[in-house]
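Residue-level listing of the chains:
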Amino acid sequence: MYVILILVLVLGLLKACIRRDVPVKDSAKVSNTQSKEIIFPEDKKTVTFNGIDYLQSQAPIGDFGGTFTASTIGEGPKTFNPFNTKDNISSTMSEIMYDGLLTTHSVTGQPIPKLAKSFSISDDGKEYTINLRHGVKWSDGKPITADDVVFTWRDIILAGLGNTSIRDSIIIDGKLPTVHKIDDYTVKFITPEPFAPFIRMLSTPVAPKHIFEPAVKKGSQYFDTFLSTNTKPEDFVTSGAFKLKEYVPAQRVVYERNPNYYMINKNGDKLPYLDRLVYLIVGDLNNEVLKFEAKELDTINLQGSKVARYKAMEPHSDFTIYNLGPNTGTLYLAMNLNDRKNDKGDFYVNPKKQVWFKDVNFRKAVDFAIDRKNMVLNIANGIGEPLFTAESLNSIFLNKNLKPYERDLNKSRELLRKSGFYWDKQGKLYDKSGNRVEFDMLTNAGNTEREAIGVMVKQDLEDLGMKVNFKPIEFNSLVNKLVNTLDWDMVIMGFTGSPLEPNGGKNVMMSDGTLHVYNMRLEKDKNSPRYDFEKRIDELFIKGALATKFEDRKKYYDEYQQIIYDEKPFIYIYSPTVIVAIRDKFKNIFPTTLGGLTHNIEEIYIDNPHPSSHKAQTPSPKGRGEG
Amino acid sequence: MEILKYIFKRILQTIPLLIIVSLISFFIIRLSPVDPLAELRLNPSVSKETLEKETQRLGLDKPIIVQYGKWAKSFIKGDLGITSNGEQVSTKLKERIPNTLLLTVVVIFLTWVVGIPLGILAALKWKTPFDRILTVLTSIGMAIPSFFFAVLLLIFAVRTGWFPVGGLTSANFADMGFFSQVKDIAHHLFLPVTVLFTLSLAGLQRQMRANMLDVLDSDYVKFARAKGLSEFKVVYKHALRNAINPLITLLGFEFAGLLSGAALTEYVFQYPGLGRLILEAVLKSDINLVMASLMMGAIMLILGNLIADILLIITDPRIRVKS
């Protein structure tokens, strides 16, 4: 009797938990329909009042005040020193506070001035002249001058303090660029050779010399702990739109507006509009979804499986969904083209398999057998695009002549037959020496997306009569196989690339790169023979980095994509599409594929926020000429 | 004096124990194929020089036994080393320990304050409707997996909007007055405490009830009753003192669980405690952090047992006589 009573109580509680839910209808074809048309404002321009070079936003004028709450997954930032960051979250969190000289145009992807007023590149492509803004200040009121820029580059970046990845990427033939102060507001960079990727490096943050210099003098060990997450928020002196207000470990990072920021709106009021920017640190994707639904978050990145449900909720909810297009990730299938021997004198790859993998017809046959469309539909819930190129689909260097194609088993069979493969009565595939075609395919266990791709690739290849042993293995073991022991046949992995700079992929594409997955050369094999197409790609990457004009570079990078497309050392599968949701109360939202949702965080405002005291305080240079 | 000597002996015994624990943990972590640099290795923009620098910085280029020696030397000096991100392990732990302690102390306090009286009451009202309702309730409490229960409550919070979804403080916590801050924390603590409380209450209440029933059935209680002592004196002076002894040992284990007992619930509720920190450390094979937390767990367990034993000596004259 009591049991019944209690059961009723428990049921009541359960029922409260599973209350109404919006019915999911018509789940497919939500991905690419975007009814809202975004009208981008004109580009920001520099205007001068009272000797101060402001950056003026051309976006509609909004209300001041309010908070924007976003999230970051994981354990939060490890440091707030933008020169020490080794992970994405730390970089994002520290770069909010420090502006770079240049930034990337969110639509065209071209470099444009930010903290710099303007820049020019000499005709020989070696000299970069940067003009700084007059009258712009750090958050503590000290002026930002050429000394800060020269100090940042000479004493931090080029001196190899903190994270050296920028320094490593701009060493040309063992030589580093140099930086010179021309006057208080002019800086000149000189690269030893013309080196196009250098311009992107100028978006690196600039450090306040009067704060960083004492730390730099104490040496690199001290610098590694400088501005760590234990630093008091008051001790940060910054140039970005927002400044750290509070960091609560494993809970949140709170930023407040920087009153000295140099961007103004068309009225001449100082931006940003928002009082606060909050990043909640959430442990996993599920918690992020719960927090968004409980209205603790204002924006969320939606995973493929969630998009349909959110799309159905959208019409009667307080958020809007934006499709930001394919992301920079490239999921690929690679075969081991290695034909060398290890220390013990054994081949890394079984010689009979080497014959298959080195045969371009075999690689193409595999490529034609893969049903990318089916994978996008079933694995990414339709939220993705089939991928055929080495550069990601949103790259400004994408070779648009490389056309997608459908799965074609007949073509695969034809190619295999051309190379002497044959089928027995049960449809099993044999090579011309009579060996059964059977190999292992690896991916990292635990990544459900890659595991699902593996299962589908296995089925697709078995339609050709191949025997595929699909083995998801632990991530670390897989990495060890890929970069050290090299004993693998086929692998499904992914890389993230840059949509702006193909040279970032040189470690993958160049034949002596540290991540040249399909034909990894260990130290002892550095001089081993290259395939012809590898040699050509090496040449193209060297030329591409040294050319300065975008059009010239595009030609080289187009050709490398063409080679990968023809030779198929990497068989690309698909790129997931980035779908984000943001609350309707936020205005001036101009999402782009390259910049994401919040690239213009200074301009984003809330319609009618709570009355805010900041509005009265914002000093406005009067008498501006509005266009 | 006797007790001091006993404590000293016990502390001496723990030294070899700690060495063995540390050796086993260190070697298991290092022999597992987890590579702390795997993520970096697969990042196309990371150069070989950076990888080599990182390998040296983390000491991965030396044999395991040398790595262990280095770790042990600094551990004895009281230096817990740095995490793989270069932060001090001790500051990392210090950030989280108060949060975890807050959660576990509240839970243990509530469990004991509620569980013990309920156990006694249930024993006194044996086989009455009150006892039976409690039995059913505690069965349910013991049967629900904590993970599932926590997720259920989280969904409840999202649907009703009555409680925040995880965390410990609201975003505007720093701007609140003292009383609002206390209220805010209590609001956030409610759900995780409910989960842990339900779970441990059931166990404690049942244990207390069983002990009490045992004692109430013993000869000396019957004798006390026959002697005409008041029921109050029989129960609270004679029976309770004996019934509570086994629970003191339990208290020792509770002490050990102070810092590590709530990891799962912490994870579900995104509670900024040690659980989440250590889980990530294990996944990334952040050796110094993992070792620090394992050693902390071992020391807490030993300490808890020691405290329980000392308390037993104080409360139970029989043990004193034997030793």
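Model, not experiment: these values are computed from the prediction.

1. Side note on the overall build of chain A
Consideration 1: Secondary structure summary: chain A contains 19 helices and 26 strands in total.
Consideration 2: Its C-alpha atoms give chain A a radius of gyration of 27 Å, within 12% of the compact-globule value 25 Å for 627 residues.
Consideration 3: Buried positions account for 44% of the 627 residues belonging to chain A.
Consideration 4: Across chain A, every contact between residues at least 6 apart in sequence was considered, and the portion connecting residues at least 24 apart equals 69%.

2. Observations regarding the domain arrangement of chain A
Residues and elements named next belong to chain A.
Consideration 1: Segmentation of chain A into domains returns domain 1 (88-223) and domain 2 (330-576).
Consideration 2: Between the C-alpha centres of domain 1 and domain 2 there is a distance of 37 Å.
Consideration 3: With 10 residues of domain 1 at the interface, the matching set in domain 2 holds 10 residues.
Consideration 4: Its residues placed into classes, the side of domain 1 that touches domain 2 shows five nonpolar, three polar and two charged.

3. Things to note about the packing of helix H8 (residues 178-216) of chain B against helix H10 (residues 231-243) of chain B
Geometry of a packed helix pair, given as the angle between the helix axes and the separation of the axes.
All names here are of chain B.
Consideration 1: Running from N to C, H8 and H10 point in directions that differ by 130 degrees, and their axes come no closer than 9 Å. Between H8 and H10, the angle is such that the two are oblique. The two elements H8 and H10 meet at a crossing, and its hand is right-handed. In contact with Asn 211, Met 212, Val 215 and Leu 216 of H8, H10 contributes Ala 239, Asn 242 and Ala 243.
Consideration 2: When its residues are assigned to classes, the contact of H8 with H10 shows five nonpolar, two polar and no charged.

4. A short note on the interface of chain A and chain B
Consideration 1: Facing 47 residues of chain A, the contacting portion of chain B comprises 45 residues.
Consideration 2: Going through the elements one at a time, helix H1 (2-17), helix H4 (165-169), strand S10 (242-248), strand S11 (252-257), strand S13 (276-282), helix H8 (285-293), helix H15 (475-485) and helix H16 (506-509) of chain A are the ones with two or more residues in the side of chain A that touches chain B.
Consideration 3: In terms of residues, the side of chain A that touches chain B owes the most to one element, H15(A), which gives six residues.
Consideration 4: Broken down by class, the residue content of the side of chain A that touches chain B amounts to 19 nonpolar, 17 polar and 11 charged.

5. Focus: the nonpolar core
Consideration 1: If you look at the biggest cluster of nonpolar residues, it comprises 193 residues, and the most contacted ones within it are A:Tyr332, A:Tyr560, A:Ile573 and B:Leu154.
Consideration 2: Each of domain 1 (88-223) and domain 2 (330-576) of chain A contributes no fewer than three residues to this core.
Consideration 3: The residues contacting B:Leu154, other than those within four sequence positions of it, are A:Leu290, B:Val165, B:Val268 and B:Phe269.
Consideration 4: In terms of nonpolar packing, the next biggest core, distinct from the first, is built from 16 residues, B:Trp71, B:Val89, B:Leu259 and B:Leu289 among them.

6. Overview of the pairing of strand S24 (residues 574-583) of chain A
All names here are of chain A.
Consideration 1: Most of S24 sits out of view: eight of its 10 residues are buried.
Consideration 2: Pairing analysis gives four bridges linking strand S14 (residues 299-302) to S24, with the strands arranged antiparallel. Residue pairing for S24: Leu 302 is matched across the bridge by Ile 579.
Consideration 3: Bridging between strand S15 (residues 319-326) and S24 involves six bridges; their strand directions are antiparallel. Paired with Thr 320 across the bridge in S24 is Ile 582.
Consideration 4: Here strand S17 (residues 384-386) pairs with S24 via three bridges, running antiparallel. Each residue of the ladder has a partner; that of Gly 384, found in S24, is Pro 576.

7. Focus: the sheet that holds strand S23 (residues 570-572) of chain A
Residues and elements named next belong to chain A.
Consideration 1: Across the sheet, which stays open at both edges, the five strands sit in the order S21-S20-S22-S16-S23 with mixed pairing between neighbours. Looking along the sheet, the strands with just one partner apiece sit at the ends: strand S21 (467-473) and S23. Averaged over all pairs of adjacent strands, the angle between their axes in this sheet comes to 30 degrees, without regard to strand direction.
Consideration 2: In this structure, strand S16 (residues 329-335) lies alongside S23, joined through three bridges in antiparallel fashion. In the strand pairing of S23, Ala 334 is matched with Phe 570.

8. Thoughts on the sheet that holds S13(A)
All names here are of chain A.
Consideration 1: A sheet is described by the order of its strands in space; here four strands give the open sequence S3-S13-S11-S10, paired in mixed fashion. One side of each edge strand has no neighbouring strand; the edge strands of this open sheet are strand S3 (67-73) and S10. Averaged over all neighbouring strand pairs, the angle between strand axes comes to 20 degrees, with direction disregarded.
Consideration 2: Examined bridge by bridge, S11 and S13 share five bridges and lie antiparallel to one another. Looking at S13, one finds that Tyr 255 is bridged to Leu 277.

9. As for helix H13 (residues 274-283) of chain B
Residues and elements named next belong to chain B.
Consideration 1: Those residues of H13 that fall on the buried side of the exposure criterion are Leu 274, Gly 275, Arg 276, Leu 277, Ile 278 and Ala 281.
Consideration 2: The inward-facing, buried residues of H13 contact helix H5 (89-124), helix H12 (263-268) and helix H14 (287-315).
Consideration 3: One or two steps after H13, the chain reaches Ser 285, where phi turns positive at roughly 55 degrees.

Thresholds, definitions, all that
Residues numbered from 1 in each chain as written. Chains lettered and ligands numbered in written order. Predicted model: local features only at pLDDT ≥ 70, side-chain atom pairs only at ≥ 80, totals over all residues. Helix = DSSP H or I, 4+ residues; strand = E, 2+ residues; numbered from the N terminus. Rg over C-alpha atoms; globule rule 2.2 N^0.38 Å. Buried ≥ 20, exposed ≤ 12 C-beta atoms within 10 Å, placed from the backbone. Contact = placed C-beta atoms within 7 Å. Domains from an automatic or database assignment. Nonpolar A, V, L, I, M, F, W, Y, C, P; charged D, E, K, R; others polar. Axes fitted to C-alpha atoms, helices over the stretch in contact; angles between N-to-C directions. Parallel < 35°, antiparallel > 145°, perpendicular 65-115°, else oblique. Left-handed = near helix turned anticlockwise from the far one by under 90°. Core = buried A, V, L, I, M, F, W, Y, C linked by C-beta atoms within 7 Å. Pairing = 2+ DSSP bridges.

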